[in-house]
Structures are given as C-alpha cells and as structure tokens.
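Letter by letter, the chains look like this.
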Amino acid sequence: MNSGVEALLRPYSIGRMELPNRIVMAPMTRCMATDEFVPTAKMAEYYARRAEAGLIITEGTVIRPDGRGYPNSPGIYTAKQINGWQAVTDMAHSQGGRLFLQIWHVGRVSHPFYINGEQPVAPSAVPLEGKVARAENLEYGAPRALEADEIRDIATAYAKAAENGISAGCDGVEIHGANGYLIDQFLHHHTNTRTDEYGGTVENMARFALEVVDAVADAVGAGKTGIRLSPAAYHFVTPEAGDAAVFEFLLKELEKRRLAYVHAGIFDDSVSYDYLGGTVSGFLRKNYRGTLIGCGGYTAEKAAEAINNGELDIAAFGRPFIANPDLVSKISNGDPLKPYDESMLASLY
Ligand SMILES: Cc1cc2nc3c(=O)[nH]c(=O)nc-3n(C[C@H](O)[C@H](O)[C@H](O)COP(=O)(O)O)c2cc1C
C-alpha cells in the first residue's frame, strides 16, 4: 500500500452506510442522457466502472422541467427516468458500489431554449451575462423572480425528486446547493435582492435552502441527505462580504439536522478568500462540526494530509475520476494517474 495516502483508505460511516474508503467520486455533468433525459446503459456502465469509490455522487440530476440548463442532463421526475436510474443503481450495487443522486435546479443559469420557451426562474430578476454553457450562440438573460408560493413548490419538488431517487435504488441524495445554481442564488446578495421572507436578512436568505433540506430529510431521512455549498461564490455569482454571515447562519442550522454530510463546491480548494478568512473547506470546517467532504484540485497525497490534519473527513475527486475509472486502485497501489484532459468529456468511459 502507498503509505502517504493511508488516511484515504480508512473506512468512514455516513448514517448507517459504511464507506470502505474516503475517496468519493465528485458529481460531474456529462450531458449523455437520452433526449427524454433518461440515463442510458452506457451511463450505468460508466458509474459501475467506478464502484470502488467510497461513494459515487452522480452528475446533477434535474428535479423538474424548469430546472434544466444543459443539454441531455438526466432528470428524476418521470417514470422512465426513475427506471433508467434503477438500472444505474442496480449495476453499481452489483459491483459493490454506493451512490448518492445529486438533485439539481439551475434557476437563472438556463435559457428559454432548454425550458420550452419559458423564462428561467430565480430569487430575483438579476440578469446573467455570457454565453450559455455547452451551447453555441445562445446568451443567458434575465430570469423572472419567483413568487413566495412558487418557492415553496420548488422545495416540494426537491423532496419528490429525492423520494424518486431512493425508489430508484439510490443510497441517498445530495442537494446541489453550490456553484451558482438556484439554491446558491438565494444565499448570495448579488443574486438575492428580495425583500420578503426569502431575502434581506441572513435568516431569510438561508430560508429556502433550509426548507429544501427539511423537505428532503423528511422525505428520505437526514442520514441519506447531503448538501453541497459554495460560500466562495466563484461560479455564476459575484461574492459580497455580507455573504459569509449567511453561510455562518446556514451551517449552524444544518449542524442541528444531522445530515449525511456537507460537501465543498469549489474547483480549487487551495485558494484563500478574504471574506471567508481562508479556504472554502477551512470556512466550512470552522462553522460546521458534522461530516465534511472536501473537493477541488486535490491530489491523493494532499487529501490524505488534510484528513490527517482534521481539515476534512472525506475527499471528493472529479477530473481524476474521469481520467482514471480505477482511481481507488491506482491511489492504493501508488500507480501513476492518467492526467485529465477536456477531450475526455466527448465520450463516456
Ligand atoms: C465536466 C465537469 C462537470 C461537472 N459537473 C458538476 C455537477 O453536475 N455538479 C457539481 O456539483 N459539480 C460539478 N462539477 C464540479 C466537480 O464536482 C468538482 O467540484 C471539480 O471538478 C473540482 O474537483 P477536481 O479538481 O477533483 O476535478 C463538474 C466538474 C467537471 C470537470
């Protein structure tokens, strides 16, 4: 065994689930579902090939039609989609794996092109500039601000999606509260300028995230509910100093709920943010005493060191898992890793 990475190879318990190691596959959108947003047999093989991960977190999976912002990302709101996921979980389980479904609503990070010509929805009508991801010649635009009763309906849709995921054999769900999508849009001042019960104070800005967490945990159990968060607002959102207080409040509330875990949503966790007083995982660790999954630019050695230092409990790897389906074996044996290259996104292996 490669002794510099021993901490990664120690088991860890999440709720009643035992992870055989602390190497988690990070959620990664691959845009390979059918045109009805159903997971395919190739996707099942792709996940099953990575079943030696302590836990697989699936790609972002859309909770209802208006939550879509990318082509061919899977959904979990039709019977066909649930059956497709059942085939994925069956195959992963047959290889000894465990799998959490990442449940996703993109909010304003969409375009009428993806949602039947409708205007994307968001906490506030703050436009998003730039070219639509993974689509040529489309520009993002201004979303429509949600009414309060519509916000509660979306929380219910997360719970239904979670229930569907569990009925499809998933071992749990990860609420995608990160990376500038709908939940994250409520948590930052830049994208949340509401003056009702969903904006204006830290309690109000955290309300939607907590309503989603409570609805999902009620539906499937807190021990099967994780959440990913991006206090650094590095993607589709501009950070403001006051945002840190929103996350401090949110994390203290999450701590009471005994969730499966909190997961850092960041591409490079070595970056320090003044307004967080350090790195994203450092900020999360300071404000949250439950299980913390770190992610973002880690090597196996750095991740093992962070676990040994008590900075993380578990580490998630994204791009290394695309390039190396057998990442756990390679890390364990000290074998060299194949470097990730964007061209690998074109096919699903
Ligand atoms: C192709 C690709 C797709 C991604 N899709 C998602 C996603 O669906 N949900 C999510 O939370 N993060 C997504 N991410 C972010 C990763 O989960 C991870 O945070 C990021 O790749 C940094 O980790 P790494 O340095 O180990 O790759 C994606 C990253 C990549 C490269």
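These numbers were taken from a predicted model, which means no experiment stands behind them.

Undergrad: Describe the side chain of Ser230, naming the residues involved and giving the relevant values.
TA: Structurally, Ser230 is set in the loop between strand E9 (225-229) and helix H6 (243-256). Overall, Ser230 belongs to the buried group, its relative accessible area being 0%. With sequence-adjacent residues up to four places away left out, Ser230 is seen in contact with Gly177, Ala178, Asn179, Asp184, His188, Phe247 and Gly265.

Undergrad: Go over the site of the ligand, please, and point to the residues and values.
TA: With respect to spatial proximity, 20 residues lie near the ligand, and among them Pro27, Thr29, Arg228, Gly297 and Arg319 are the closest. For the ligand, an oxygen atom lies 3.2 Å from a polar atom in the backbone of Gly60. Here an oxygen atom of the ligand and a side-chain polar atom of His176 are 3.2 Å apart. Counting atoms within 2 Å of the grid points, the majority share of the ligand lands in the largest pocket.

Undergrad: Tell me about the nonpolar core, and name the residues and values.
TA: Generally speaking, soluble globular proteins have nonpolar side chains that are buried together. Judged by nonpolar contacts, the single largest core of 88 residues is most densely connected at Leu8, Ile103, Tyr158, Phe208 and Leu254. When residues of this core are assigned to their parent elements, the largest contribution, nine residues, is made by helix H5 (residues 202-220). Among the nonpolar cores identified, the runner-up in size contains 15 residues, and Tyr12, Leu55, Phe100 and Cys295 belong to it.

Undergrad: I'd like a rundown of unusual backbone geometry, residues and numbers included.
TA: The phi angle at Asn179 is positive, at roughly 60°, despite the residue not being glycine. With respect to the helices and strands, the residue Asn179 is situated in the loop between strand E8 (172-177) and helix H4 (182-187). According to the relative accessible area criterion, Asn179 is buried, its value standing at 10%.

Undergrad: Give a detailed account of the layout of surface pockets, specifying residues and quantitative values.
TA: What the largest pocket holds in volume is close to 970 Å³. Considering the residues around the largest pocket, the lining is formed by 42 residues, among which Pro27, Met28, Phe267, Gly318 and Arg319 are closest to the centre. Contributions of two or more residues to the lining of the largest pocket are made by strand E5 (99-104), helix H8 (300-308), strand E12 (314-317), helix H9 (319-323) and helix H10 (327-333). Within the lining of the largest pocket, the residues separate by chemical class into 23 nonpolar, 12 polar and seven charged. Quantified by volume, the second largest pocket comes out at close to 250 Å³. Considering the residues around the second largest pocket, the lining is formed by 16 residues, among which Asp269, Ser270, Tyr298, Lys302 and Glu311 are closest to the centre.

Undergrad: An account of the pairing of strand E10 (residues 261-264) is requested, with residue identities and associated values reported.
TA: Residue alternation in E10 divides its side chains into two sets, Tyr261 and His263 and Val262 and Ala264, and both sets are buried. As paired strands, E9 and E10 are joined by four bridges and run parallel to one another. Bridge pairing in E10 places Leu229 opposite Ala264. Between the parallel elements E10 and strand E11 (residues 292-295), the chain passes through helix H7 (residues 280-287) in a crossover that is right-handed.

Definitions and cut-offs
- Residues numbered from 1 in each chain as written.
- Predicted model: local features only at pLDDT ≥ 70, side-chain atom pairs only at ≥ 80, totals over all residues.
- Heavy atoms only, no water.
- Helix = DSSP H or I, 4+ residues; strand = E, 2+ residues; numbered from the N terminus.
- Buried < 20%, exposed > 50% of the residue type's maximum accessible area, 1.4 Å probe, protein only.
- Contact = heavy atoms within 4.5 Å.
- Near = heavy atom within 4 Å.
- Polar contact = N/O pair within 3.5 Å; in protein donor to acceptor, adjacent residues only side chain to side chain.
- 1 Å grid on protein atoms, 1.4 Å probe; cavity = no way out; pocket = protein on both sides within 12 Å on 5 of 7 lines; lining within 4 Å.
- Sits in = over half its atoms within 2 Å of the grid points.
- Core = buried A, V, L, I, M, F, W, Y, C linked by side-chain atoms within 4.5 Å.
- Points joined across faces, edges and corners; volume = space filled by probe spheres on them.
- Nonpolar A, V, L, I, M, F, W, Y, C, P; charged D, E, K, R; others polar.
- Pairing = 2+ DSSP bridges.
- Right-handed = clockwise from strand over helix to strand, strands pointing away.

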